[in-house]
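Listed below, chain by chain, are the residues.
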Amino acid sequence: MTTSLNTSIWDGTEALLFDLDGVLTPTALAHEQAWRTLFEDVLAVEGVGPEYTDADYYAHIDGRPRYDGVREFLASRGLTLPEGQDDDAPTERTVRGLGNLKNRLFAQIIEDGIEPYPGSSRFVAAARERGVKLAVVSSSRNAPAVLEAAGMADLFPIVVDGNVAAREGLPGKPHPATFLRAAELLGVDPAAATVVEDAVSGVEAGAAGGFRAVIGVDRGAGEDVLRSAGATLVVSDLDELLPA
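This is a predicted model, so every value here is computed, not measured.

This next bit is on the pairing of strand 5 (residues 213-217). In terms of burial, strand 5 is a largely internal element, five of the five residues being buried. In this structure, strand 4 (residues 193-197) lies alongside strand 5, joined through four bridges in parallel fashion. Bridging from a neighbouring strand, Val196 pairs with Ile215 of strand 5. Considered for its hand, the β-α-β crossover made up of strand 4, helix 10 (residues 200-208) and strand 5 is right-handed. Sheet analysis places strand 5 next to strand 6 (residues 233-235), joined by three bridges and oriented parallel. Following the sheet pairing, Gly216 is matched in strand 6 by Val234. With helix 11 (residues 223-229) bridging strand 5 and its parallel neighbour strand 6, the resulting β-α-β unit is right-handed.

In C-alpha cells, the structure reads:
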C-alpha cells in the first residue's frame, strides 16, 4: 500500500480493527504505571535485578494478555511462580494473583474517567461517515469498561477482548486469532480489513493474519521497531490519516 495517507488508507478497507489502549485511549500510560508498580514490588521482594525499566514494558508486556505479560517478565528475571487460578486474590504470589493485582492497580488509576485521543476520535468519526465497519481487539479484559469510561462504547459493535479470547480459547497477540475473529464477526474478509495497533505484539499479529494493512501508531515503541514488526505504515497520531 502506498502512503498517500489521505486517500490510500481508505481504498479497499471495509473494516478497521483497532487495538484500544494506546490507540484509541491513553490508557496504555495507566497500564504502564500499574505494571511498573507491580513489578518494582516483585523485584524488591524477590531481591533480584536488574530494576524494572520502560524497555521491559515494550519487550515483555505491551499488547500481550495480562497473565502472559506476568510470565514473560518473570522469565526475563529468571523467576517462576505457580500459575494459580483466575480467581486468585491479588495478595496471592502466583502468576494469576499478580495479574489480578495489576488489574486492581489499573482500575484505581482510571477510576476518574478517560478521555480518548482527539485524533483517534476524529479518525473513528471519519470511518463511520464512510461506512467502514469497526471493531476493537484488545488483550485487556477491561476493554468494555474502558470504552464506556471514554464514551466510545456505542461506536464499536464488535469487541474481542481478553474475556472473549479466554471464553473461546483464542491465543493472544502476537498470534492473529483475535483479529481474525473480529473480522469474522464483522463479516469481512481479512484481506479487506486494516489493523490499527501501537504494540509490537499487536503489529506482529496483524502482519501474520493476512490483513489488507497494519497501521502502526507510534506512542513510544519507535517507528523503526513497528516497521520491523510488520507495520505497513507508521504515524504518531491517527489524525495524520485525515484530510488536511
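Still more to cover.
What follows covers the environment of Phe39. By the element assignment, Phe39 lies in helix 2 (residues 27-46). With 31 residues separating them along the chain, Phe39 and Val70 place their C-alpha atoms 8.9 Å apart. When near neighbours in sequence (up to four residues on either side) are disregarded, Phe39 contacts Tyr52, Ile61, Gly69, Val70 and Phe73.

For the rest of this paragraph, the subject is the domain arrangement of the protein chain. Here the protein chain is described as being made up of domain 1 (15-26 + 114-241) and domain 2 (29-110). Relative to domain 2, the C-alpha centre of domain 1 lies at a distance of 23 Å. Of the roughly 1200 Å² buried between domain 1 and domain 2, counting both surfaces, carbon and sulfur atoms make up 49%. Of all residues in domain 1, Ser139, Arg141 and Asn142 give up the largest surface area on contact with domain 2, accounting jointly for 32% of the area buried on that side. Where domain 1 touches domain 2, the interface holds zero salt bridges. At the surface where domain 1 touches domain 2, the tally comes to four residue pairs in polar contact (both at pLDDT 80 or more). Residue classes in the side of domain 1 that touches domain 2 are distributed as seven nonpolar, six polar and five charged.

Of the two faces of strand 1 (residues 15-18), both are covered, the one formed by Ala15 and Leu17 as well as the one formed by Leu16 and Phe18. Two elements, strand 1 and strand 2 (residues 133-137), share four bridges in a ladder whose sense is parallel. Across the sheet, Phe18 pairs through a bridge with Val136, a residue of strand 2. Taken together, the four bridges between strand 1 and strand 4 define a ladder with parallel strand orientation. Within strand 4, the position partnered with Phe18 by the bridge is Val196.

What follows covers unusual backbone geometry. In this structure, Pro50 follows Gly49 across a cis peptide bond, with omega equal to 0 degrees. With an omega of 20 degrees, the peptide bond running from Lys173 to Pro174 counts as cis. Here Pro174 lies in the loop between helix 8 (162-168) and helix 9 (177-186).

When pLDDT is averaged along the protein chain, the result is 92, and 97% of the positions lie at 70 or above. Counting interchain partners and residues more than four positions distant, the pLDDT-below-50 stretch residues 1-5 has 13 contacts.

Next up on the list: the packing of helix 2 against helix 5 (residues 95-110). Packing of helix 2 against helix 5 leaves a shortest axis separation of 9 Å and a crossing angle of 135 degrees. Taken together, the axes of helix 2 and helix 5 lie oblique to each other. Read as a crossing pair, helix 2 and helix 5 show a hand that is right-handed. Of helix 5, the residues touching helix 2 (which contributes Thr27, Ala30, His31, Gln33, Ala34, Trp35, Thr37, Leu38 and Val42) are Leu98, Leu101, Lys102, Leu105, Phe106, Ile109 and Ile110. Looking at the contact of helix 2 with helix 5 residue by residue, the classes come out as 11 nonpolar, four polar and one charged.

Here we take up helix 5. What sets the pattern is the α-helix's 3.6 residues per turn: residues three or four places apart point alike. For helix 5, which comprises 16 residues, the first-to-last C-alpha distance of 23 Å matches the rise-based estimate of 22 Å (1.5 Å per residue) to within 8%. Listed as buried for helix 5 are Val95, Arg96, Gly97, Leu98, Gly99, Asn100, Lys102, Leu105, Phe106 and Ile110. Packed against the buried residues of helix 5 are helix 2, helix 4 (66-76) and helix 7 (143-149).

Glancing now at the packing of aromatic side chains. Under the definition given, this model contains nine aromatic pairs. Summarising the aromatic geometry, the rings of Tyr57 and Tyr58 are spaced 5.4 Å apart at their centres and angled 75 degrees between planes, so their arrangement reads as edge-to-face. By relative accessible area, Tyr57 is classed as buried at 5%. We classify Tyr58 as partly exposed; its relative accessible area is 25%. Taken together through their ring pairs, the aromatic side chains of Trp10, Phe18, Phe123 and Phe156 make up a single cluster.

Definitions and cut-offs
Residues numbered from 1 in each chain as written. Predicted model: local features only at pLDDT ≥ 70, side-chain atom pairs only at ≥ 80, totals over all residues. Heavy atoms only, no water. Buried < 20%, exposed > 50% of the residue type's maximum accessible area, 1.4 Å probe, protein only. Helix = DSSP H or I, 4+ residues; strand = E, 2+ residues; numbered from the N terminus. Pairing = 2+ DSSP bridges. Right-handed = clockwise from strand over helix to strand, strands pointing away. Contact = heavy atoms within 4.5 Å. Domains from an automatic or database assignment. Buried area = accessible area lost by both parts, 1.4 Å probe. Salt bridge = Lys/Arg side-chain N within 4 Å of Asp/Glu carboxyl O. Polar contact = N/O pair within 3.5 Å; in protein donor to acceptor, adjacent residues only side chain to side chain. Nonpolar A, V, L, I, M, F, W, Y, C, P; charged D, E, K, R; others polar. pLDDT = per-residue confidence, 0-100. Axes fitted to C-alpha atoms, helices over the stretch in contact; angles between N-to-C directions. Parallel < 35°, antiparallel > 145°, perpendicular 65-115°, else oblique. Left-handed = near helix turned anticlockwise from the far one by under 90°. Expected span 1.5 Å × (residues − 1). Phe/Tyr/Trp six-rings, centres within 6.5 Å; stacked < 30°, edge-to-face > 60°.

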